[in-house]
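Given next are the chains, with one letter for each unit.
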Amino acid sequence: MDLNYTHEEQAFQLEVRQFLAEKLPPEISGKVKSKKRLTKQDSETWHAILNAAGYLNAHWLVEFGGRGWNAIQRDIFDVEANAAGAPRVVPFGLNMLAPVLMAFGSQEQQSYHLPRILDGTNWWCQGYSEPGAGSDLASLKMSAVRDGDEYVLNGQKTWTTLGQHANWIFCLVRTSREGKPQQGISFMLVDMDTPGVEVRPIILLEGTHEVNEVWFTDVRVPAENLVGEENKGWTYAKYLLVHERSGIAGVGDALASIEHLKQIAREQKKDGKPLAEDALFAARLAEIEIDLAAMRTTNMRIMQAASDGAPPGPEVSMLKIKGTVLRQSINDLTRRALGPYAMPFVSEALDIGYNEEPIGPDYANPVAADYFNHRKTSIYGGSNEIQRNIISKLMMGL
Amino acid sequence: MDFSHTEERQMLADMVGRFVRDEYDIETRHANARSDDGFSRAHWSQLAELGLIGALFPESCGGFGGTGFDISVVFEQLGGGLVVEPFLANLLAGTALAASGTHSDVLDEVMAGNCLLAYAHGEPASRYSLSQVETVAQKSGSGYRLNGNKAVVISGDTANKLVVSARTAGGNDATDGISLFLVPADADGIHIRSYPTIDGYRAAEIALKDVEVPADSLIGVEGQAIALIEQVNAAGTLAVSAEALGAIDVGIEMTLDYLKTRKQFGVPIGKFQALQHRMADMMTEREQIRSALINAAGNLQSDQRDWHMSALKNLIGRAGRSIAEECIQMHGGIAMTFEYAVGHYAKRVVMIDHMFGDEDHHLQRIIKLGAIAATAAATA
């Protein structure tokens, strides 16, 4: 064991810092740091900058153009990028679909789709959940019926994050109703410009348009868009979910959020003194920092244990639980740090171009919305209760 | 960064683990604890011969280890067997000698298993403070005369020599003016009251009344022992936390086993989701403790030592206690019996919260220390 960075790791950290200092546009990092809304253009700009530098897919296998970053390198990049105010990269194509295509896709699918994920031609979204299939994902009903060289898709997907920006969607569809529900599922790639695909917004409790319903009415998809074998989609779906969870600890985001909280706590006053000096507040914050320091190491240990390129095991469910709960507790403490000024919420003030005076401190407006928005994290990607089921079954044999 | 053990350290861990598994079952442990000495001298000699005491001290002092990871690896395995032999006491007192660079002949005897030490620092009123020392050492001829009371001295009843802290200058809570002395346990004026602890170990209240010691019994520099004391405290915190993790591992393993075999309502109770989810949380917290232990072990010699020790000890107090309580709860009535082992593991984990500062003590110390730098690499 050695917690020191090697010379290579130090050099890498320096390289990343330099890249961020030179290439991260200040207007984008400014928005991230002040919690303003990012536009589609912002995401695409940052995506392109990362791609040009070779950082976008650095965690991909070398044979697919990646650099095969290890857990330490991923941690360094994650922490540095978040500290600098870099936006989160939209993960659906890059971190979810891509590993599935690398492992199970045809050569044609790999050579067609992987470059288009990188160059931003295709913005992917995820068609997993349905109104009747949440935690019980395998009960999904959306049907795909083979008709000559095509499949005909009918049904509805929901909670489709940023589906309003996407032009492709990967879907779990039902191709058979025989046997166990898991046995009749297939994994399908769908061009959203195909007739019969309709995206309808869902407005979240804090008022933002982040997720959608996607409706499919007699949507005809070429048979070559089936990934792997028919009725084997559940295997691919689970493989994807493990990859989805591999960045889920959110260490860099948590560290940046704690810095933000501390700044607020230094400015907010309680009984005439900075809130940061309040014993009870300081204790709550210290507990979070203790848990986070441990989780950063847990994250690197679990990721490192998964050999290069191999998906991490069920241990990653522990990271999902710990990572989401920890970040929710930071959101919660930030909200409470504001006192009454957590209440005012002017949605327009989150957009660039809003010129009116802020109500209360300028950092207050997005905080409660952020808190409510982040309740999603212990629900999505397999709810934390599902994660506990996975740990029970796969790690403990219960 | 590298999260795997070196081959040598893995061998050390395996060796201690094998000893516990093959020769130190819970009955043996209880028998050792119940014996007159409160431990087995035969086992102590055997472990000394295996080099286990030497592993706790650096090569510069005649040992062959002494890093944070050597200490954590040894004590984690000892914790898995609830080993009552006086490793902790000798780590503490031995660390004071090793760090001061004085009394190396005594340390040699300790590593050979021929001399037992204990660390008499805490006092009836000091709680977890390191600088609250009321015991005084007055100049007396060419030496010193010691007067005062030492509290809950672990293994203090069987030690041949005591490392005693006493004030040579300054007020009761001053960090300056504290000195350490190496004192024969049978010196005139020393009264040792031995007693068992709730978790099966031995400790002592030690009264010093006009104890005369020569000048060369001083450990390190007169009046400047606080740095040594802090170093001892860090090593002790690391050791008992590793011990707690070893005990937690066994507790979780036993509980998991029980969930798979105990039947109620016609099924193994592990089929109940109410228990599964709590067990999953215990697994997660256990990994958090393991990570905090790695962070602390890797920083034993760094300038971030105190932050990581406090983070670890807070987590042992907070998450460790919760795991210990859940191990008892999920077992049900059987865990309440003395005969069944899981309760003894739980007792050890909870009592470790009372050594070197509890959960609250370390939370407050974290607040005083401020945050570690978010993006700085740890240095070992």
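Residues numbered from 1 in each chain as written. Chains lettered and ligands numbered in written order. Predicted model: local features only at pLDDT ≥ 70, side-chain atom pairs only at ≥ 80, totals over all residues.

## Focus on the overall build of chain B
Working step 1: A count of helical and extended segments in chain B gives eleven helices and ten strands.
Working step 2: Taking 2.2 N^0.38 as the reference for a compact globule, 380 residues should give roughly 21 Å; the C-alpha atoms of chain B span a radius of gyration of 21 Å, in line with that estimate.
Working step 3: With respect to the three principal axes, the spread of C-alpha positions in chain B is 80 × 50 × 40 Å.
Working step 4: Burial analysis of chain B (380 residues in total) assigns 53% to the buried set. (Helix = DSSP H or I, 4+ residues; strand = E, 2+ residues; numbered from the N terminus. Rg over C-alpha atoms; globule rule 2.2 N^0.38 Å. Buried ≥ 20, exposed ≤ 12 C-beta atoms within 10 Å, placed from the backbone.)

## A few points about the interface of chain A and chain B
Working step 1: Taken together, the contact between chain A and chain B spans 37 residues of the former and 37 residues of the latter.
Working step 2: If you list the elements that add at least two residues to the side of chain A that touches chain B, you get helix H4 (71–84), helix H8 (251–267), helix H9 (279–305), helix H10 (316–337) and helix H12 (384–395) of chain A.
Working step 3: Top contributing element to the side of chain A that touches chain B by residue count: H9(A), with 15 residues. (Contact = placed C-beta atoms within 7 Å.)

## With respect to the environment of Glu210(A)
Residues and elements named next belong to chain A.
Working step 1: Locating Glu 210 in the fold gives a position in strand E7 (residues 209–222).
Working step 2: Judged by the 17 C-beta atoms lying within 10 Å of it, Glu 210 is partly exposed.
Working step 3: Each C-alpha atom, one on Glu 210 and one on Thr 160, is 8.2 Å from the other, the two residues being 50 residues apart in sequence.
Working step 4: In contact with Glu 210, other than residues within four places in its own chain, are Thr 161, Leu 162 and Leu 204.

## Let's talk about the packing of helix H5 (residues 87–100) of chain B against helix H7 (residues 226–261) of chain B
In a pair of packed helices, the angle between the axes and the distance between the axes together describe the arrangement.
Residues and elements named next belong to chain B.
Working step 1: Following both chains from N to C, one finds H5 and H7 inclined at 145 degrees, their axes separated by 9 Å at the closest point. Crossing handedness for the pair H5 and H7: right-handed. On H7, the residues touching Leu 88, Leu 91, Leu 92, Thr 95, Ala 96, Ala 99 and Ser 100 of H5 are Leu 228, Gln 231, Val 232, Ala 235, Gly 236, Ala 239 and Val 240. (Axes fitted to C-alpha atoms, helices over the stretch in contact; angles between N-to-C directions. Left-handed = near helix turned anticlockwise from the far one by under 90°.)

## Let's talk about the domain arrangement of chain A
Residues and elements named next belong to chain A.
Working step 1: Here chain A is partitioned into domain 1 (7–89), domain 2 (123–231) and domain 3 (247–395).
Working step 2: Averaged C-alpha coordinates put domain 1 and domain 3 at centres separated by 20 Å.
Working step 3: Between domain 1 and domain 3, the residue contacts involve 16 residues of the former and 17 residues of the latter.
Working step 4: Among the elements that make up the side of domain 1 that touches domain 3, the one with the highest residue count is H4 (nine residues).
Working step 5: Within the side of domain 1 that touches domain 3, the residues separate by chemical class into six nonpolar, three polar and seven charged. (Domains from an automatic or database assignment. Nonpolar A, V, L, I, M, F, W, Y, C, P; charged D, E, K, R; others polar.)

## Regarding unusual backbone geometry
A negative phi holds for most residues other than glycine; trans holds for most peptide bonds.
All names here are of chain A.
Working step 1: A positive phi is found at Asp 218, a non-glycine position, where the angle reads about 45 degrees.
Working step 2: Mapping Asp 218 onto the fold places it in strand E7.
Working step 3: Residue classification places Asp 218 among the exposed positions, given that 10 C-beta atoms sit within 10 Å.
Working step 4: Phi is positive for Asp 271, which is not a glycine, with a value near 50 degrees.
Working step 5: Topologically, Asp 271 is positioned in the loop between strand E9 (269–270) and strand E10 (273–274).

## Focus on the pairing of strand E5 (residues 185–191) of chain A
Residue and element names in this part refer to chain A.
Working step 1: Within E5, six of the seven residues are buried, which leaves the element mostly enclosed by the surrounding structure.
Working step 2: Relative to E5, strand E4 (residues 168–174) runs antiparallel, the two sharing seven bridges. Along E5, the bridge assignment pairs Phe 170 with Leu 189. (Pairing = 2+ DSSP bridges.)

## A short note on the nonpolar core
Working step 1: Val163(B) and Phe181(B) are the most contacted members of the largest nonpolar core, which totals 219 residues.
Working step 2: Examining the composition of this core, we find that 18 residues originate from one element, H7(B), more than from any other. (Core = buried A, V, L, I, M, F, W, Y, C linked by C-beta atoms within 7 Å.)

## Some details on H10(A)
Residues and elements named next belong to chain A.
Working step 1: For H10, with 22 residues, the first-to-last C-alpha span of 31 Å sits near the 32 Å given by 1.5 Å per residue.
Working step 2: Of all 22 residues in H10, 16 are buried, a share of seventy percent or more.
Working step 3: Looking one or two residues beyond H10, the residue adopting positive phi is Gly 339, at roughly 60 degrees. (Expected span 1.5 Å × (residues − 1).)

## Re H8(A)
Working step 1: Relative to the 24 Å expected for 17 residues at 1.5 Å per residue, H8(A) spans 25 Å between its end C-alpha atoms, a close match to the ideal helical length.
Working step 2: Tucked into the core, H8(A) has its buried residues touching H4, E10, H9 and H10 of chain A.

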